[in-house]
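Examination of the molecular architecture
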Amino acid sequence: MTSDDTREARPTGSADEQAPAGSVARPPDDGTPTRVWLLAALVVATLELVRASGPLLDHAFASGVVTVGVTALATYAAAGLVAGALLVATRAPSGVPTGRTVIVGAAVLAVLRVVLQGLEDDARYRLGLVSVAWAVGALVLAAAFVAGRASGPRQAALGVVVGCGLSAGLQVLLGSWDAVWRSSWVGWVVAVAVAVAPLAAVRVTSGGTGAGAPATNRPRRLWALGPVIAIAVMIGANPAFLASQAGIALGWAGLAVVLATGLGGWLLLRPDRWPGAVRVGAAVLVVAAVALAMLTSGGTALVAVVVLDAVLGVVLVGTLSVRRSAPPGTWRTAGAVAVAGLGVVLPLLGYMLDYDVPLPFDNAYVPVAAAVVVAVCGLHHRTPAPVAPLGSAPGSASGSASGSASSSASGGAQGPAPDPAPDLRQPARVRAARLLLVPPVVLALVGLGPSTTSTHGRDVPARAAGDALTVVSWNLHYGVAPSGGVDLEAAAATVEAAGADVVLLQEVERGWVLGGGADMATWLARRLGMTVEYAPAADRQFGNAVLARSGLTDVAVTVLPYGAGPQGRSALSATVTTAGGEAVRVTSVHLQHRAENTPTRLDQLATLLAAEPGTGPSVLGGDLNARPGWPEVELLTDAGWVSAVDEVGDADALTSPSDAPAERIDWVFGRHVGFASADVLTDVATSDHLPLVVRVTLP
């Protein structure tokens, strides 16, 4: 056999004593760390680009939901074309990728990723989607290369788990705002590191033994890697999701994910052979963990994500194991990769589109369905007997183990059965691949600073600096600009330049893939040195926030009527105390967005005013999705609320969309307060809405 992973078990004695004359003895796990690293590094690059595809695809929303859906499906299905091109270009035998196939794919991906870092607008949109398709194609081929050998399924599962841990650690280090959106030197350094990291595994191109040992088969359920990636990017490798769902600080959430993936990796390193009950239990736990992570909050959600990360690798081993190789053929492999690409995007697309085209059931069940697919695929587990690489001649040096055994036995008698995976006998503590569990932990620990260990941002004074307050109200469109970029630094700079004491934000995302997966509330609070309060709306990853340079007290969340839908809405209220001790109630609100939803918006405002009547000094700001003269505005003015822009600003100033303002739907109202100024900032393109800056005075 050409692969050290499929050599026969050696008798007791030193490796040197058993090595054939003139050969070099190799450790049982020779090449395993290289292959695991290759897959882990590609997982990091792929998860980043899958997250980036959310804002890029949001760019297509201007053309309608159907356009977005078709574009997303075409992009991810194109991973199959990428795989086919790579297999043909590298002359991979019978559709089984070689080390050269994978490294060529990784090299092209590295070029795409570095070029993408320097692009903007339409060029970034087009190359970004190409890069996503290429990354998914290269990743799935790498998984096939690693898994297609005895003990390969464990190696492949370990690579995916380590990659998820590395991705989470990197997100914690960056405060959850990905490098692809950063124009600073930090963005470029991380981009280059992520791009070239898979190329450190170039040894897999050497062929023969060790890292370059050829794959001998292709897993039949290779396509199931798609839903695994979808679950990882949404939940398992998403610190911002865990922070918002469990109500813990982003830094601790990231560390929990990294430690859980480390535990999962250690289980894969152990030489245990799992009985059927363990595999069935792991499959059940994956489904239950995803369901609890999506449908619950607090400590239950935290435990669910930790369990998911710890056992997902066990299920993935079963998914990538085979009784017999998949049918040979380049385009069969390409088809499996295309299905894997669709398996990535369909759960993401189904979950997110529910907020524009409501599903007949809770969209939380979409990732649960993906987990069921993964679990069912993982229940079938049988380690293959060593076989020749597809396309090799019978009786060749890389022939079947059974042939080798029979030829070595005298008189045709069969000798001892070969051990299909000798490296599994090594204790985890001595396996070199164990060292790959360390970098994610280091990244997460270092990242505790940038990601913070507080759920409320910085420590701030109890009272504001003065008796007048500068209030900024802004719908951030989950951080996505009309061009499809995510520039949180530009958003922070806008707020900072306005000299805001209080910031009322709507459409704040905390782990939404459509917004790039950042924890905007935490990042902005840390960057601006403010305290922050957050209220879920559509789900716990999308809602409203209030930031302030002084303390926020008496925080209250008002859940607004769903009405005609299609999204859940809320309002977030808190009290700010001025330097003179006066309490000012501030509220951030976002009402239903469809033009025909006026009855729903009126019900929502009535609910809000019942909860927050504004009996004392009060400021209400947000995206009301209502124009001047509409019943929603009249309801507020009839209740004694005064529009700041109509009182002291330009009543003709429009607020949306930011790149070509056509309507005024963003408002700041006050009750028992005065206004010194009210401006709409017109030179801001960070969101599809323009921010309002209002100077509030007290009588």
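Because the structure is predicted, anything quoted here is derived from the model rather than measured.

1. Overview of the sheet that holds strand β7 (residues 583–590)
- Read from one edge of the open sheet, 6 strands run β5-β6-β7-β8-β10-β9, paired in mixed fashion. In the strand order of this sheet, the two ends are held by β5 (552–559) and β9 (642–643), each with one partner.
- Lying on the sheet, helix α21 (residues 598–611) is in contact with β5, β6 (570–577), β7 and β8 (618–623); it crosses β5 at an angle near 145°.

2. Points about helix α7 (residues 152–173)
- Taking 1.5 Å as the rise per residue, α7 with 22 residues should run 32 Å; its terminal C-alpha atoms sit 31 Å apart, in good agreement.
- Most of α7 is tucked away, with 21 of its 22 residues classed as buried.
- Where α7 ends, the next residue or the one after it, G175, has phi of about 70°, a positive value.

3. Re the pairing of β7
- By the criterion of burial, β7 is predominantly enclosed, with 7 of the 8 residues buried.
- Connecting β6 to the next strand, β7, in antiparallel fashion are 5 residues, including G581 with a positive phi near 95°.
- Taken together, the 6 bridges between β7 and β8 define a ladder with parallel strand orientation. The residue of β8 that forms the bridge with R585 is S618.
- As a crossover connection, the stretch from β7 through α21 into β8 is right-handed.

4. Here's the deal with the nonpolar core
- Residues I235, L505, W512 and L547 are the most contacted members of the largest nonpolar core, which totals 166 residues.
- No other element matches helix α6 (residues 121–147), which puts 17 residues into this core.
- Apart from the residues within four sequence positions on either side, L505 is in contact with W474, L476, L524, N544, A545, L547 and S588.
- Counting 27 residues, the second largest nonpolar core, distinct from the first, contains V546, L552, V645 and V680.

5. Things to note about unusual backbone geometry
- In this chain, G565 is followed by P566 through a cis amide linkage whose omega measures 15°.
- Along the polypeptide, P566 turns up in the loop between β5 and β6.
- Here the residue pair S656 and P657 is connected by a cis peptide bond, since its omega of -10° sits within 30 degrees of zero.
- With respect to the secondary-structure elements, P657 resides in the loop between α23 (644–648) and β10 (666–671).
- For Y478, which is not glycine, the phi torsion reads 45° and is therefore positive.
- Inspection of the secondary structure puts Y478 in the loop between β1 (469–475) and α19 (488–497).

6. Observations concerning the confidence of the model for the protein chain
- Residues with a pLDDT of 70 or more make up 88% of the protein chain, whose mean pLDDT is 89.
- Residue range residues 1–23 is modelled with pLDDT below 50. Its contacts to residues more than four positions away, or to other chains, number 50 contacts.
- Across residues 383–424, confidence stays below pLDDT 50; counting only partners more than four residues off in sequence or on other chains, it has 68 contacts.

7. A closer look at the packing of aromatic side chains
- The final tally for this structure, using the stated rule, is 7 aromatic pairs.
- Seen in terms of ring centroids, Y351 and Y355 are 5.9 Å apart; in terms of plane orientation they differ by 90°. Their pairing is edge-to-face. For the pair shown, Y351 and Y355 are each scored as buried.
- An aromatic cluster is built from Y351, Y355, Y478, W512 and F542, whose rings are joined through pairwise contacts.
- Over the face of the ring belonging to Y534 we find R510, whose NZ or CZ atom lies 5.0 Å from the ring centre.
- In this structure, R664 packs its charged tip against the face of W667, placed 4.2 Å from the ring centre.

8. Describing helix α8 (residues 185–196)
- With 12 residues, α8 extends 17 Å from end C-alpha to end C-alpha; this agrees with the ideal 16 Å at 1.5 Å per step.
- Among all positions in α8, only G187, V190, A191, V194 and A195 are buried. Relative to the axis of α8, the buried residues are bounded by an arc of 130° and lie together on one face.
- For α8, the secondary structure elements touched by its buried residues are α2 (32–58), α5 (99–117) and α7.

9. Some points on the pattern of salt bridges
- Inspection of every chain in the model, using the stated rule, returns 10 salt bridges.
- A salt bridge links E496 to R527, with the shortest nitrogen-to-oxygen separation between them at 3.2 Å. Within this pair, whereas E496 is found in helix α19, its partner R527 is found in helix α20 (residues 520–528), the two being separated by 31 residues in sequence.
- The partly exposed category is assigned to E496, whose relative accessible area is 41%.

10. Here's the deal with a negative patch on the surface
- Side chains of E120, D121, D122 and D487 sit close together on the surface and give a patch of like negative charge.
- Relative to the elements of secondary structure, E120 occurs in the loop between α5 and α6.

11. Here's the deal with a nonpolar patch on the surface
- Judged by side-chain polarity, L81, V88 and W331 come together as a nonpolar surface patch covering roughly 360 Å² of accessible area.
- Using a relative accessible area of 61% as the deciding quantity, one classes L81 as exposed.

Conventions used here
Residues numbered from 1 in each chain as written. Predicted model: local features only at pLDDT ≥ 70, side-chain atom pairs only at ≥ 80, totals over all residues. Heavy atoms only, no water. Pairing = 2+ DSSP bridges. Helix = DSSP H or I, 4+ residues; strand = E, 2+ residues; numbered from the N terminus. Contact = heavy atoms within 4.5 Å. Axes fitted to C-alpha atoms, helices over the stretch in contact; angles between N-to-C directions. Expected span 1.5 Å × (residues − 1). Buried < 20%, exposed > 50% of the residue type's maximum accessible area, 1.4 Å probe, protein only. Right-handed = clockwise from strand over helix to strand, strands pointing away. Core = buried A, V, L, I, M, F, W, Y, C linked by side-chain atoms within 4.5 Å. pLDDT = per-residue confidence, 0-100. Phe/Tyr/Trp six-rings, centres within 6.5 Å; stacked < 30°, edge-to-face > 60°. Lys NZ or Arg CZ within 6 Å of the ring centre and 35° of its normal. Arc of directions from axis to C-beta. Salt bridge = Lys/Arg side-chain N within 4 Å of Asp/Glu carboxyl O. Patch = residues over 30% accessible without salt bridge, like charges linked within 9 Å, V, L, I, M, F, W, Y side chains within 5 Å. Areas by Shrake-Rupley, 256 points an atom, 1.4 Å probe, with all protein chains shown as cover. Lys, Arg positive; Asp, Glu negative; His and termini not counted. Charge placed at Lys NZ, Arg CZ, Asp CG, Glu CD.

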